[in-house]
Amino acid sequence: MNEAIRPGSENVRQTMGLPTLSIVVPTFNERDNVAKLYRKLEAVLGEVAWEVVFVDDNSPDGTWSIVRDLARQDGRVRCVRRVGRRGLSGACIEGILASSAPYAAVMDADLQHDEAQLPKMLSLLTSGQAELVVGSRYVEGGSADSFDSKRAGFSVFATSIAKRVLGVGIADPMSGFFMIRRDRFEELAPKLSTQGFKILLDVVATAHGELKTVEVPFTFGSRLHGESKLDSMVALDFLGLVLAKFTNDVVSLRFLLFAMVGGTGLVVHLGTLFIALEVLGWPFPEAQAAGAFVAMTSNFILNNFLTYRDQRLKGFAILGGLLAFYLVCSVGLFANVGVAFSVYDQEPIWWLAGAAGALMGVVWNYAMSGLFVWRKR
Ligand code: GDD
Ligand code: MN
């Protein structure tokens, strides 16, 4: 093959109009911001061959249709409309993987990230000085003045935890603004979590210090239109990520939450049993059955709101899910008792047998619930 037309060579990229830089913008209800961001990119990127990939999770405000209109006028604009899914990190990952440009940037749609930094970030990558460039609020010259004090406090606190627990070496691992070599990202992608918000932290923690990283300061601006999608659950997302990375993906936050909900189920069970026996005067077998029934129901509700909130069942699906959950837990009870018996048979230590049975039960319930109740669509 002629050297000059070897795929991927810079000459070919330029003559065929292939992008060098792909800017990935996750969006959810950003209809008033996307066109403005597009114009800013156009103004600031000048000579660079770029494209922008908006990844929209089927926004109710129709952001995706605005992006489609833009894309019909300018081939550099692309729209990935995802249905049945939500999540900032997952959207960014899919956006980067949808591109074949050698460099990919991630930024918010709401103009809080300073697009004027993009050329400098790109030149740090093309010159080989860095494989990852982070737009940082916490290095000299950067700032996050637009944060209220509560959020600023949490951000600083979370950053220090991430640094200590995960040994992350950069000043602003929570930033949502960065640029990376796509080949390096591609290596890491299968190990990244698609849940949550903290994609950069995930990238840096997963790379274990193997990415040559440079931080450039920028001022985190105020949101133009619309409102932030980060709610109080980001704290939970963050803890989940730290836990998963710290234990090398052995323990997930989901499993811990599931087990904790199981613990509340025990309390609910005993409470119901007490009321049925002492207040209602039911016979023991009926009271015990009622306790199990109420506990399973409350476990289901809690899991649906907490453990599986990103895949929450709604409407009619709740009923089907609840029935499947009863079934899963009933079989789990047999597994629990079976294991407890066989342990007790070999080693008649009541607490060891009981704990082994309970562990078996929770692992079973967790695995089967993931398959049959809150299965990924
Ligand atoms: N596709 C998709 N799906 N996009 C989403 C989702 C989602 O579920 N949730 C949020 N987005 C988009 C928003 O539309 C926006 O363009 C961008 O992701 C960031 O969301 P914001 O709601 O604007 O977040 P923020 O400004 O409060 O937080 C930013 O700063 C944090 C630093 O403290 C983000 O950049 C965070 O990633 C960053 O950690
Ligand atoms: Mn924002």
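Located above this text is the structure these notes cover.
Residues numbered from 1 in each chain as written. Chains lettered and ligands numbered in written order. Predicted model: local features only at pLDDT ≥ 70, side-chain atom pairs only at ≥ 80, totals over all residues. Heavy atoms only, no water.

Chemist: What is the right way to look at the overall build of the protein chain in this model?
Modeler: For the protein chain, the count of helices and strands is 13 helices and seven strands. With respect to the principal axes defined by its C-alpha atoms, the protein chain has extents near 80 × 55 × 40 Å. The burial tally for the protein chain puts 44% of its 377 residues in the buried class. Accessible area for the protein chain stands at about 19500 Å²; split by element, carbon and sulfur atoms hold 61% of it. Positive and negative side-chain charges of the protein chain, numbering 36 and 37 respectively, have mean locations separated by a distance of 3 Å. (Helix = DSSP H or I, 4+ residues; strand = E, 2+ residues; numbered from the N terminus. Buried < 20%, exposed > 50% of the residue type's maximum accessible area, 1.4 Å probe, protein only. Areas by Shrake-Rupley, 256 points an atom, 1.4 Å probe, with all protein chains shown as cover. Lys, Arg positive; Asp, Glu negative; His and termini not counted. Charge placed at Lys NZ, Arg CZ, Asp CG, Glu CD.)

Chemist: I'm lost on helix 4 (residues 88–97) in this one. Help?
Modeler: Each α-helix winds once per 3.6 residues, and so residues spaced three or four apart point in a common direction. Taking burial as the measure, the ten residues of helix 4 include seven buried ones, the bulk of the element. Within helix 4, the full set of buried residues consists of Ser89, Gly90, Ala91, Cys92, Ile93, Gly95 and Ile96. At its buried positions, helix 4 is contacted by strand 1 (21–27), strand 2 (50–56), strand 4 (103–106), helix 7 (182–188) and helix 8 (199–207). (Contact = heavy atoms within 4.5 Å.)

Chemist: Can you help me understand the layout of surface pockets in this one?
Modeler: Which parts of space are left empty comes out when a probe the size of a water molecule is rolled across the atoms. Counted as a void, the second largest pocket has a volume near 780 Å³. Every residue lining the second largest pocket is counted, 26 residues in all, and those nearest its centre are Gly262, Asn299, Leu333, Asn336 and Asn365. Among the secondary structure elements, those contributing two or more residues to the lining of the second largest pocket are helix 10 (253–279), helix 11 (284–307), helix 12 (317–346) and helix 13 (350–373). Its residues placed into classes, the lining of the second largest pocket shows 14 nonpolar, twelve polar and no charged. (1 Å grid on protein atoms, 1.4 Å probe; cavity = no way out; pocket = protein on both sides within 12 Å on 5 of 7 lines; lining within 4 Å. Points joined across faces, edges and corners; volume = space filled by probe spheres on them. Nonpolar A, V, L, I, M, F, W, Y, C, P; charged D, E, K, R; others polar.)

Chemist: Where do I start with the sheet that holds strand 5 (residues 132–136) in this structure?
Modeler: Strand order in the open sheet formed by seven strands is 3-2-1-4-6-5-7, with mixed pairing between adjacent strands. A single partner strand is all that each edge strand has here, and the edge strands are strand 3 (77–81) and strand 7 (213–217). When the angles between neighbouring strand axes are averaged without regard to direction, this sheet yields 20°. Across four bridges, the pairing between strand 1 and strand 4 is parallel. Across the sheet, the residue bridging to isoleucine 23 is alanine 105, located in strand 4. (Pairing = 2+ DSSP bridges. Axes fitted to C-alpha atoms, helices over the stretch in contact; angles between N-to-C directions.)

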